[in-house]
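The chain contents come next:
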Amino acid sequence: MKPFVLWMTGLPCSGKTTIVKDLQNDIPNLAMLDGDELREWFSPKDFSKAGRDEHNKKVAHLAKLLLNHGVPSVVSLVSPYSENRKNAREIIDAGNQFAEVYVKCSLAKCEERDVKGMYAKARKGEIKGFTGIDDPYEAPENADLIVDTENEPLSDSANKVKDFLKERNLL
């Protein structure tokens, strides 16, 4: 197995973290860089465009560090702007050991899955700049892999990711 970085992007509650947890069952030493957890340490409460851009860059540098030390990782991060994802690819600079995975799911389905009530708070104006509500999400136009968590079980999405990694000779 070669180290790799999968950059999973999608709306909040699209299934990114759930897929990574499934992958961790089958891929030894797989590090999950979860956007919510890392935000606590790297960029607390700065959801401005500049703050999001900076947070994404910090996470990309961390993923590159893990890659350079032979640790496979999956970044579970909304990364709402195409510019964020382009910067991540450039920072990590790992050829086919880097892949952007679009976790596709409609806004309505993501809101339905939201156990924390974040979307409801955003719709009431209690949370400002929430992706999908009053801040845009730019869906990838050229993702390396697309998984459709709205129309397939999350386990099928995880299996597609594993198959993709095998096709790239990373597993």
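Since the model is a prediction, treat every value here as computed from it, not as a measurement. (Residues numbered from 1 in each chain as written. Predicted model: local features only at pLDDT ≥ 70, side-chain atom pairs only at ≥ 80, totals over all residues. Heavy atoms only, no water.)

Across all of its chains, the model carries 2 aromatic pairs by this definition. A ring pair is formed by tyrosine 102 and tyrosine 137, whose centres lie 6.2 Å apart and whose planes are at 25°; its orientation type is stacked. Of this pair, tyrosine 102 sits in strand β4 (residues 98-104) while tyrosine 137 sits in the loop between α6 (118-123) and β5 (145-148); the two residues are 35 residues apart in sequence, bridging distant segments of the chain. Exposure remark for tyrosine 102: the relative accessible area of 12% places this residue in the buried category. Judged by its relative accessible area of 17%, tyrosine 137 is buried. Between tyrosine 119 and phenylalanine 130, the ring centres sit 4.9 Å apart and the planes meet at 80°, which makes this aromatic pair edge-to-face. In this pair, tyrosine 119 is assigned in helix α6 and phenylalanine 130 in the loop between α6 and β5, connecting sequence segments 11 residues apart. We classify tyrosine 119 as buried; its relative accessible area is 1%. One cation-aromatic arrangement involves lysine 49 over tyrosine 81; the distance from NZ or CZ to the ring centre is 4.5 Å. (Phe/Tyr/Trp six-rings, centres within 6.5 Å; stacked < 30°, edge-to-face > 60°. Helix = DSSP H or I, 4+ residues; strand = E, 2+ residues; numbered from the N terminus. Buried < 20%, exposed > 50% of the residue type's maximum accessible area, 1.4 Å probe, protein only. Lys NZ or Arg CZ within 6 Å of the ring centre and 35° of its normal.)

Time to look at helix α4 (residues 82-92). Among all positions of α4, only Asn84, Arg85, Asn87, Ala88, Ile91 and Ile92 are buried. One side of α4 holds all its buried residues, which, seen down the axis, span an arc of 160°. Each element contacted by the buried residues of α4 is listed here: β1 (5-9), α3 (49-68) and β4. (Arc of directions from axis to C-beta. Contact = heavy atoms within 4.5 Å.)

Here we come to the side chain of glutamate 152. Structurally, glutamate 152 can be placed in the loop between β5 and α7 (154-167). Polar contacts involving the side chain of glutamate 152 include one to the side chain of lysine 160, which spans 2.7 Å. Aside from chain neighbours lying at most four places away, what touches glutamate 152 is Val147, Ser157 and Lys160. (Polar contact = N/O pair within 3.5 Å; in protein donor to acceptor, adjacent residues only side chain to side chain.)

Here we come to the pairing of strand β2 (residues 31-34). Two faces make up the sheet, and in a regular strand the side chains alternate between them. Burial along β2 is two-sided: Ala31 and Leu33 and Met32 and Asp34, pointing in opposite directions, are all buried. Both β2 and strand β3 (residues 73-76) contribute to a ladder of 4 bridges, which runs parallel. The partner of aspartate 34 across the bridge, within β3, is serine 76. (Pairing = 2+ DSSP bridges.)

On to the pattern of salt bridges. Counting across every chain of the model gives 12 salt bridges. With a closest N to O distance of 3.0 Å, lysine 49 and aspartate 53 form a salt bridge. Residue lysine 49 and its partner aspartate 53 are located together in helix α3, separated by 4 residues, close to a single helical turn. Overall, lysine 49 belongs to the partly exposed group, its relative accessible area being 38%. Taken together, the shared-partner salt bridges in this structure form one network comprising Asp22, Asp26 and Lys162. (Salt bridge = Lys/Arg side-chain N within 4 Å of Asp/Glu carboxyl O.)

Among the 5 residues of β1, 5 are classified as buried, and the element is accordingly described as predominantly covered. Looking at chain direction, β1 and β3 are connected through 4 bridges and run parallel. Each bridged residue has a counterpart across the sheet, and for tryptophan 7 the counterpart in β3 is valine 75. Judged from the 5 bridges that link them, β1 and β4 form a sheet pairing that is parallel. Among the inter-strand pairings, tryptophan 7 is bridged to a residue of β4, identified as glutamate 100.

Position of glycine 132 among the secondary structure elements: in the loop between α6 and β5. With 13 residues separating them along the chain, glycine 132 and leucine 145 place their C-alpha atoms 21 Å apart. With near-sequence residues (within four places) excluded, glycine 132 lies in contact with Leu11 and Leu107.

Nothing here speaks to function; it is geometry throughout.
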